[in-house]
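# Summary of structural features
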Amino acid sequence: MVSAIAELTGATIVSYLMLRVISYGIEKICRRENGNSEIAFAGFLALILGIIIAGYALRDGHPDPQFVLALYMFFGPAMLATVIELLRTQK
């Protein structure tokens, strides 16, 4: 039980940090403050990046990357991080 909570917390923190970095990059490229659509897009990119990185990291002993397992691990935390960021930036 503790391991699952730690895994969920870690994945949420990593997803949120990736979302913030991507969001900062989008803000600098567009030269304006991010709106809801930009934050949602950054959340999607954070999810994709997390799946790719975790897919290769979970390859322990398997011949192929474990992208489906990484999707199951990162989908909830990435969406939670996106909702947190959307609520944080509401005006």
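Structure shown above.
Remember, it's a predicted structure, so these values are computed and weren't measured experimentally.

To continue, consider the packing of helix H1 (residues 2–30) against helix H2 (residues 36–57). Axis separation between H1 and H2 bottoms out at 8 Å; the angle between their running directions is 130°. Considered as vectors, H1 and H2 are oriented oblique to each other. In this structure, H1 crosses over H2, and the sense of that crossing is right-handed. In this structure, H1 uses Ser15, Met18, Leu19, Ile22, Ser23 and Ile26 to contact H2, whose residues at the interface are Glu38, Ile39, Phe41, Ala42, Gly43, Leu45, Ala46, Leu49 and Gly50. Here the residues of the contact of H1 with H2 are counted per class, giving 10 nonpolar, 4 polar and 1 charged.

Further remarks concern unusual backbone geometry. At arginine 31, a position not held by glycine, the phi torsion is positive, near 60°. Among the secondary structure elements, arginine 31 is positioned in the loop between H1 and H2.

About the thresholds
- Residues numbered from 1 in each chain as written.
- Predicted model: local features only at pLDDT ≥ 70, side-chain atom pairs only at ≥ 80, totals over all residues.
- Heavy atoms only, no water.
- Axes fitted to C-alpha atoms, helices over the stretch in contact; angles between N-to-C directions.
- Helix = DSSP H or I, 4+ residues; strand = E, 2+ residues; numbered from the N terminus.
- Parallel < 35°, antiparallel > 145°, perpendicular 65-115°, else oblique.
- Left-handed = near helix turned anticlockwise from the far one by under 90°.
- Contact = heavy atoms within 4.5 Å.
- Nonpolar A, V, L, I, M, F, W, Y, C, P; charged D, E, K, R; others polar.

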